[in-house]
Amino acid sequence: MFRLENIAKSFGSQQVLKTINLGITAGDRIGIVGGNASGKSTLINIATGFYRPDCGQIFLENKAITNINRWKFSTLGLVRTFQSSRFQSEIILANQLTLSSSKSSYAVELCKMAGLKHYIYNFPDEIPMPALRKAEVIRSMLLNPRILFLDEPSAGLTNEEIQEFAFFIKQKLSDNVALVLVEHRDEMMRLLVRERYYLNSGILKKQENQFA
């Protein structure tokens, strides 16, 4: 369905990604691990159109989409979250979620299931960061993704909250939607992914020792 082919990216003299190849099909549950500044977020940025690769191609259904406008990536179902909140401070959470979907009642339902029912009508500045992380994922799920890229969604969560949040994602993410998870917390990986890739020195390799 989707593939990155011979992707490379540099910033100045620093080459962050070197000849990255990754194929994703419907229903995949993929984890990407690596050290700090190893290029994990850069990889997501390229896969979702926020960065253009220096070389290589991005394909969706065998059609090259490398050079299309950035905003079109999300309309094609390539949806992502960010490590920091992107909510507008002057709009309550409920309105910002329903702006992304006509299913306002479903948005509220998802918030309640994720333990956010006390924050639905609050402004982002009034909501704890762990709760905002969950809300970011919910907003992305409301965009009808074909592939959902999550960039460290467990930041700030306790171990108990990680288990609850991972269970929520597993329950509510359709089997037809592929998941690509960048994450430092092993518990989140263990609960959500079926295969892991390791990014190091700009090279992405599938790990032999996979989760059961």
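Residues numbered from 1 in each chain as written. Predicted model: local features only at pLDDT ≥ 70, side-chain atom pairs only at ≥ 80, totals over all residues. Heavy atoms only, no water.

Before going further, it helps to examine the sheet that holds strand β7 (residues 147-151). In space, the 6 strands of this open sheet follow the order β6-β7-β8-β3-β9-β10, with mixed pairing throughout. Each having just a single partner strand, β6 (78-80) and β10 (203-206) make up the two edges of the open sheet. Strand after strand, the sheet turns through a mean of 20° between neighbouring axes, direction not considered. (Pairing = 2+ DSSP bridges. Helix = DSSP H or I, 4+ residues; strand = E, 2+ residues; numbered from the N terminus. Axes fitted to C-alpha atoms, helices over the stretch in contact; angles between N-to-C directions.)

Here we come to the packing of aromatic side chains. Taken as a whole, this structure holds 4 aromatic pairs when the rule is applied. Here the aromatic rings of F2 and F149 are separated by 6.3 Å at their centres, their planes lie at 70°, and the arrangement is edge-to-face. Remark: F149 occurs in strand β7 and F2 occurs in strand β1 (residues 2-11); sequence separation between them is 147 residues. Of the two residues, F2 and F149, neither departs from the other in class, the shared state being buried. Considering the side-chain rings of F50 and F82, the 5.2 Å spacing of their centres and the 85° angle between planes classify their relative orientation as edge-to-face. Here F50 is found in the loop between α1 (40-47) and β4 (55-60), whereas its partner F82 is found in the loop between β6 and α3 (93-98), with 32 residues between them in sequence. Under the relative-accessibility criterion, F50 is labelled partly exposed at 31%. Between the NZ or CZ atom of R80 and the centre of the ring of F50, over which it lies, the distance is 5.4 Å. R86 extends its terminal NZ or CZ atom over the ring of F82, reaching a point 3.7 Å from the ring centre. (Phe/Tyr/Trp six-rings, centres within 6.5 Å; stacked < 30°, edge-to-face > 60°. Buried < 20%, exposed > 50% of the residue type's maximum accessible area, 1.4 Å probe, protein only. Lys NZ or Arg CZ within 6 Å of the ring centre and 35° of its normal.)

Let's shift gears to unusual backbone geometry. The residue N144 is not glycine, and still its phi comes out positive at about 55°. With respect to the helices and strands, the residue N144 is situated in the loop between α5 (129-141) and β7. Owing to a relative accessible area of 55%, N144 belongs among the exposed residues under this scheme. With phi around 55°, S201 is a residue other than glycine that occupies positive phi space. Along the chain, S201 turns up in the loop between β9 (195-200) and β10. Relative accessible area serves as the criterion here: at 49%, S201 is assigned to the partly exposed category.

This part is about the environment of N67. Tracing the backbone through its elements, the reader meets N67 in the loop between β5 (63-64) and α2 (70-75). Residue classification places N67 among the exposed residues on the basis of a relative accessible area of 61%.

Take the packing of α5 against helix α6 (residues 159-172) next. Two elements in contact, α5 and α6, have axes whose closest approach is 12 Å; the angle formed by their N-to-C orientations is 5°. Of the possible angle classes, the one that applies to α5 and α6 is roughly parallel. Residue-level inspection shows R133, K134, V137, I138 and M141 of α5 in contact with α6, the latter providing F165, F168, I169 and K172. In terms of residue class, the contact of α5 with α6 is made up of 6 nonpolar, no polar and 3 charged. (Parallel < 35°, antiparallel > 145°, perpendicular 65-115°, else oblique. Contact = heavy atoms within 4.5 Å. Nonpolar A, V, L, I, M, F, W, Y, C, P; charged D, E, K, R; others polar.)

Tracing the backbone shows I169 in helix α6. With 55 residues separating them in the primary sequence, I169 and A114 have C-alpha atoms 8.8 Å apart. Once residues lying within four places of it in the same chain are set aside, the contact partners of I169 are V137, L150, M188 and L192.

Turning to the nonpolar core, a few remarks are in order. Most often, soluble globular proteins have nonpolar side chains that are buried together. If you look at the biggest cluster of nonpolar residues, it comprises 37 residues, and the most contacted ones within it are L97, I138, L148, F168, I169, M188 and L192. Among the elements that make up this core, the one with the highest residue count is α5 (6 residues). Setting aside its immediate chain neighbours within four residues, M188 contacts P153, S154, I162, F165, A166, I169, L181 and E183. In terms of nonpolar packing, the next biggest core, distinct from the first, is built from 27 residues, I30, L60, I65 and V180 among them. (Core = buried A, V, L, I, M, F, W, Y, C linked by side-chain atoms within 4.5 Å.)

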